[in-house]
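Each chain is listed here by its residues.
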Amino acid sequence: MDAFRIAKDDVDQMAAYWMARKDELMGMTGDFFASLIDPAFAYEEEPDDLMSVQFNICYTEWLLFECKLLGGYTPLMAYVDRPPSYVDTDALDSLREVVRTQFFSRFAILEKRKRAGMATLRDVMDGRCYEVFDPHLCSIDSWKDGTIALRIARVDGVWQTVGQVCMYDRAPEAATRRDGPGCVHEEDRDTRPYLSEMGFFIRFVYDVFSIDGRYHHTMRLRQTDAGAALRREIEARRHGLDGPAG
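This part is about the confidence of the model for the protein chain. Taken over all residues, the pLDDT of the protein chain has a mean of 85, while the share at 70 or more is 88%. Looking at the elements of the protein chain, mean pLDDT is at its lowest for helix H11 (residues 228-236), recorded as 44, and at its highest for strand S3 (residues 129-133), recorded as 98. With pLDDT under 50 throughout, residues 223-240 is counted as low confidence; its partners more than four residues away or in other chains account for 29 contacts.

This next bit is on the packing of helix H3 (residues 29-37) against helix H4 (residues 49-65). The N-to-C vectors of H3 and H4 enclose an angle of 120°; their axes lie 11 Å apart at closest approach. Viewed along their axes, H3 and H4 adopt a mutual orientation that is oblique. Considering only the axes of H3 and H4, their crossing is right-handed. Of the residues in H4, those touching H3 at Thr29, Gly30, Phe32, Phe33, Ala34 and Ile37 are Phe55, Cys58, Tyr59, Trp62 and Leu63. Looking at the contact of H3 with H4, its residues break down into nine nonpolar, two polar and no charged.

Phe33, Ile37, Val98, Val205 and Phe209 are the most contacted members of the largest nonpolar core, which totals 49 residues. In terms of residues, this core owes the most to one element, H4, which gives ten residues. With near-sequence residues (within four places) excluded, Val205 lies in contact with Phe33, Ile37, Phe55, Cys58 and Ser210. If you look at the next biggest cluster of nonpolar residues, it comprises 15 residues, including Phe107, Tyr130, Val132 and Ile152.

How each quantity is defined
Residues numbered from 1 in each chain as written. Predicted model: local features only at pLDDT ≥ 70, side-chain atom pairs only at ≥ 80, totals over all residues. Heavy atoms only, no water. pLDDT = per-residue confidence, 0-100. Helix = DSSP H or I, 4+ residues; strand = E, 2+ residues; numbered from the N terminus. Contact = heavy atoms within 4.5 Å. Axes fitted to C-alpha atoms, helices over the stretch in contact; angles between N-to-C directions. Parallel < 35°, antiparallel > 145°, perpendicular 65-115°, else oblique. Left-handed = near helix turned anticlockwise from the far one by under 90°. Nonpolar A, V, L, I, M, F, W, Y, C, P; charged D, E, K, R; others polar. Core = buried A, V, L, I, M, F, W, Y, C linked by side-chain atoms within 4.5 Å. Buried < 20%, exposed > 50% of the residue type's maximum accessible area, 1.4 Å probe, protein only.

Given below as structure tokens:
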């Protein structure tokens, strides 16, 4: 494969920029996100630290990619529209492609090519297949028969992971294709109709974290083959953005 730009490096630079200006971003968004999701771990006497960290990663991803709080722009869009002077043209071109093509979904893992860092993924929601550059996904041998939830974008001609949320479900694709995490469920239509308008990512986070989420009882965060290194990586990827007070 020809060389291509790693978009996540540019996304990380954008996130670091907003980290230094988090007071401009957060305001009431943390409280809104926490009240919208109502995470189950907040009701526990001794919440799992890893669960709290993952929830805050979800909050940060929503804030940067999906929360249009800056004149109708997400922080990502605002950064591209009025970039800092030190951001080079190539990075801006990369981020423009992220803005244009990024989306979050759940994917069946069809094949992984570890040395190339490439995975063949099929979107559970519409059946489309993507060749995705994600060395982290490819490095974890036990992630193979289930589905992976993550955000991808097409940059420099290559689909690649651009978000920080990366959650594996060992249940086979067929078991959650029609009514899995992120779908609009019958009980949502009856008691939480607003969720149908909130987008797939919010519905996914609600399903797996909320005290009323359909899948929160089966939600377990475990150390992967990467062990303690992965936990340190998760902590580092928060970029210093404090999450909502669960």
